[in-house]
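# Structural features, examined
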Amino acid sequence: MAIHPTPHTRRSDPPPAVDGPWRDPSLSPEERVADLAARMTLEEKAAQLYGIWVGADAEGDGVAPHQNDMVDPVDFEDITTRGLGQLTRPFGTAPVDPGVGALSLATAQARISEAGRFGIPALAHEECLAGFTAWGATAYPVPLAWGAAWDPELVAEMAHRIGSDMRSVGVHQGLAPVLDVVRDLRWGRVEETIGEDPYLVATIGTAYVRGLESSGIVATLKHFAGYSASAGARNLSPVRAGAREMADVILPPFEMAIRDGGARSVMHSYAEIDGLPVAADPALLTGLLRDTWGFGGTVVADYFGIGFLETLHKVAAGRGDAARLALTAGVDVELPTVRSYGDALVAAVREGLVAEELVDRALHRVLLQKCELGLLDPLRPALPAVLDGVDPERARGTVDLDPPRNRALARLLAERSCVLLANREGALPLSGTGRIAVVGPRAEDPLAMLGCYSFPSHVGVQYPEAAMGIDVPTVLEALREEFPDVGVDYAQGCEVDGTDASRIEEAAALAAGADVCVAVLGDRAGLFGRGTSGEGCDASDLALPGLQGELLDALLATGTPVVLVLLTGRTYALGGRADRLAGCVQAFFPGEEGGPALAGVLSGRVNPSGRLPLSVPHGPGGQPWTYLQPPLGRANGVSNLDPTPLYPFGHGLSYTSFAWEAGADVPAELRTDQETDLAITVRNTGDRDGAEVVQLYVHDPVAQTTRPEARLIGYARVPLAAGESRKISFRFHPDLVSFTGTGGRRIVEPGDLELRFATSSDVADVKHTVRLRLTGPERTVDHRRHMVCATSVESLIAQN
């Protein structure tokens, strides 16, 4: 039966009184929320369950509703008389000075408080995937670069800075991190992920959550769950992942971020898994998330996801029916704006089609979170302290969201995320003499540094007349500054994804006359087909976009040594060209300081320590493939197709050298519930300071279900001065090698194991193997298992 929205009507009986114990901060949040909820009308309850999309007024005088295709226009003055749950992206909708935006948001909050009976502000949320998505805010490296840095502590520090900036201007919730594990490199949103391994994604993502939450911002885990496993790598395409892939690959990062990170919000994914949209799946959003894992926060809709139950998935008969499905599943808040949870929900409740208890359940969670954030307290400050008493014009320029300390952190993370893929005969670092030809469509464009969810790429491109808001040096500018006494010439060669080959010959001629050519190629981040990487920008294959492959071939044909610099949101096939490159550096949209970071790597000022969070494919077909493959997923004699990557997960080179030595012997047998310590000693045998990334993998020779050849279970980034040695200890618990067995339960199985210390996932890069046998009974484990392999680093030899 179709459910149609009805006009807003109030009860004929007088509404409950406003004042009561809910205003008393000395009472428990549960007591306060129960008292407040009992005083609300049905319309007021529903109003707490949706947001409206606003943009900060450039004149600092409130907000302007954002109209979109999924909803009817919203009258801000009328709708706020019922109260309001959330304000959507008050900063991330248009280029507005941060000081003016903060004043505008505070003004809007005052109007919301005055309009509703209870005086409760809205919860304001923003995107913060690679920095606060606001004009003038620091653009940090994208999550894929976090994965390449293998440095959770640095990512946590970045997240804390991001959150502190958001809180300073009145924002409460951040829509990050993305915890999707890459399953197909062709997917457009690979740049938003941390990598192809669940342990790396889980540990880096949990660090981000800790950092964001430590600043007082509600972290929102995206996208729960299965979104990255879409068929054919097409955005929003159906997911056909089996139960074991879900349990062993897709879900662990969410488990860890909730249990260890303290995330207070989860965003459902757009995915349909085996025919059931996640937004309508109570087994996932309530049974697993809440009943099993014990999550107590809010579940928010991915933008328009509730409406998609009606318009795209075709499982709802109308707006009210979509509200019924989503509320039943456990979606508490409709974002970005009201469609199903407003008048349509009120009508459905009054018609007996939706139980009011479902509204009350979601309301309870929403109000508890508002209580935690202080939004139910009396005497709340209306404005950030810096703006108190400031008029709109004087507010301009009073808030700095890109201070030097942010830029320094962005530079450090960018430097640590650059991966040196190849360096033939010591071509790098560059000598700093002669002439350098810089060629390629990514060399002179500041946007080459920024991912899809950075403000300049996500929003700024819609406002070409507005300044970028932050300084983003290009690779060309950075190289000229890095090598002030060297001639640095430039030619574009071709567009990122165009078809005009007329400038390739000119670029090749420039390279032929130089001592070395730096080819800067890669992606343009965008939305829904407007880029080569980003949301809705899926790739048909993994060849370099446009004519960039042909340009690279022309440069290699000149005989001039070519150093390839890749600025991308995924990895691309380099087979057939890699053995002709003098060197290759991979960077994943490294942020506003990416240009200087790359210039430092090329000059040797920075010793690269990044390691691949994704394999680099050999051929453009890509298969698709990630390293988590059982025997028949790898190269073998039953297929003529070889999916072996050119560079494996975890690979990365340095300008120094390292020697590895095994630690103390480990017992040959270990009970399935018994811990032990593993150790390896690493020495910097070169004459440069550097950092090695010690990776610990498990190989399970025989198991009751097929297992990957190798799977990451621990790692440590280890800085080493020239000549220094450090002992790295790993606390191994058998829970780390658990998997979903034949009975559908997560188990620790007795039997033989190989624990491999390695520089990548490739067996050829194994430095030391520990063989042990797990004994005792098969154990069943759950989300309370040991999920992290704790590490410690001890310096053994002082710097020479």
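Above this text is the structure in question.
Let me begin by describing the structure that accompanies this report.

## Description of the overall build of the chain
Secondary structure summary: the chain contains 21 helices and 28 strands in total. For 800 residues, the compact-globule formula gives about 28 Å, and the C-alpha radius of gyration of the chain, at 27 Å, lands near that figure. Residues counted as buried form 63% of the 800 residues belonging to the chain. Within the chain, counting contacts between residues at least 6 apart in sequence, those at least 24 apart form 79% of the total.

## Notes on the sheet that holds strand β16 (residues 583–588)
The sheet built from six strands is open, its strands ordered β11-β16-β15-β14-β12-β13 with mixed pairing. Strand pairing shows two members of the sheet lacking a second neighbour, β11 (419–423) and β13 (487–491), which therefore form its edges. Across this sheet, the average inter-strand angle for adjacent strands is 15°, counted without regard to direction. Across four bridges, strand β12 (residues 435–439) lies against strand β14 (residues 516–522) in parallel orientation. Bridging across to β14, V439 finds its partner in A519. Here helix α20 (residues 548–556) sits on the sheet and contacts β12, β14 and β15 (562–568); the angle it forms with β14, its principal contact strand, is near 170°.

## Quick notes on the nonpolar core
Counting 212 residues, the largest nonpolar core has L87, F132, Y208, F224 and Y341 as the members making the most contacts within it. Counting residues per element, this core draws most heavily on helix α14 (residues 356–372), at eight residues. Each residue touching Y208, except ones within four places of it in the same chain, is listed here: C128, W146, V155, M158, A159, I162, A176 and P177. Within the second largest apolar cluster, 35 residues are counted, among which are V475, V486, V488 and L598.

## A short note on the sheet that holds strand β26 (residues 766–775)
Reading across the sheet, the five strands line up as β18-β26-β25-β20-β21 and stay open at both edges, with mixed pairing between neighbours. Each edge of the open sheet is held by one strand with a lone partner, namely β18 (669–671) and β21 (711–720). Each strand of the sheet is rotated relative to its neighbour by a mean of 25°, with strand direction disregarded. Direction of pairing for β18 relative to β26: parallel, over a ladder of three bridges. Each bridged residue has a counterpart across the sheet, and for L670 the counterpart in β26 is L774.

## Some details on unusual backbone geometry
The omega torsion across L335 and P336 is 5°, close enough to zero to call that bond cis. Within the secondary structure, P336 sits in the loop between α12 (319–329) and α13 (343–350). For the bond running from L428 to P429, omega is 0°, close enough to zero to count as cis. Its identity as a non-glycine residue notwithstanding, F589 has a phi of 25°, on the positive side. You can see F589 is positioned in the loop between β16 and α21 (594–603).

## Observations regarding the environment of R161
Tracing the chain through its elements places R161 in helix α6 (residues 152–168). Spatially, the C-alpha atom of R161 lies 30 Å from that of G119, the residues being 42 residues apart in sequence. With near-sequence residues (within four places) excluded, R161 lies in contact with Y140, R405, N406 and L409.

## Thoughts on the pattern of salt bridges
Evaluation of the coordinates by the stated rule reveals 51 salt bridges. E157 serves as the salt-bridge partner of R161, at 3.1 Å between the closest nitrogen and oxygen. Of this pair, R161 and E157 both sit in helix α6, four residues apart, roughly one helical turn. The class of E157 is partly exposed, set by a relative accessible area of 35%.

## A closer look at helix α16 (residues 404–417)
The end-to-end C-alpha distance of α16, which contains 14 residues, comes to 20 Å, matching closely the 20 Å that a straight helix rising 1.5 Å per residue would cover. When we look at burial in α16, the residues that qualify are N406, R407, L409, A410, L413, A414, E415 and S417. Packing partners of the buried residues in α16 comprise α5 (143–149), α6, β11, β16 and α21.

## Remarks on the side chain of H651
Position of H651 relative to the elements: it lies in the loop between α21 and β17 (658–662). Setting aside residues no more than four positions away along its own chain, H651 makes contact with V419, L420, L421, G610, R611, L612, T759 and S760.

## Things to note about the packing of aromatic side chains
Overall, the coordinates contain 17 aromatic pairs when judged by the stated rule. On the basis of an interplanar angle of 70° and a centroid distance of 5.9 Å, the ring pair of W22 and F118 is categorised as edge-to-face. Remark: F118 occurs in the loop between α4 (98–115) and β4 (123–127) and W22 occurs in the segment before α1 (29–38); sequence separation between them is 96 residues. Grouping residues by exposure puts W22 and F118 together as buried. Seen in terms of ring centroids, Y270 and F308 are 5.4 Å apart; in terms of plane orientation they differ by 50°. Their pairing is tilted. Taken together, the positions of Y270 in the loop between β7 (265–268) and β8 (272–273) and F308 in helix α11 (residues 305–311) put the pair 38 residues apart, joining distant regions of the chain. Of the two residues examined, Y270 and F308, each falls in the buried class. These aromatic residues form a ring-pair network of at least three members: W53, W187, Y227, Y270, Y303, F304 and F308. The side chain of K222 reaches across the aromatic face of Y453, ending 5.3 Å from its centre.

Cut-offs applied
Residues numbered from 1 in each chain as written. Predicted model: local features only at pLDDT ≥ 70, side-chain atom pairs only at ≥ 80, totals over all residues. Heavy atoms only, no water. Helix = DSSP H or I, 4+ residues; strand = E, 2+ residues; numbered from the N terminus. Rg over C-alpha atoms; globule rule 2.2 N^0.38 Å. Buried < 20%, exposed > 50% of the residue type's maximum accessible area, 1.4 Å probe, protein only. Contact = heavy atoms within 4.5 Å. Pairing = 2+ DSSP bridges. Axes fitted to C-alpha atoms, helices over the stretch in contact; angles between N-to-C directions. Core = buried A, V, L, I, M, F, W, Y, C linked by side-chain atoms within 4.5 Å. Salt bridge = Lys/Arg side-chain N within 4 Å of Asp/Glu carboxyl O. Expected span 1.5 Å × (residues − 1). Phe/Tyr/Trp six-rings, centres within 6.5 Å; stacked < 30°, edge-to-face > 60°. Lys NZ or Arg CZ within 6 Å of the ring centre and 35° of its normal.

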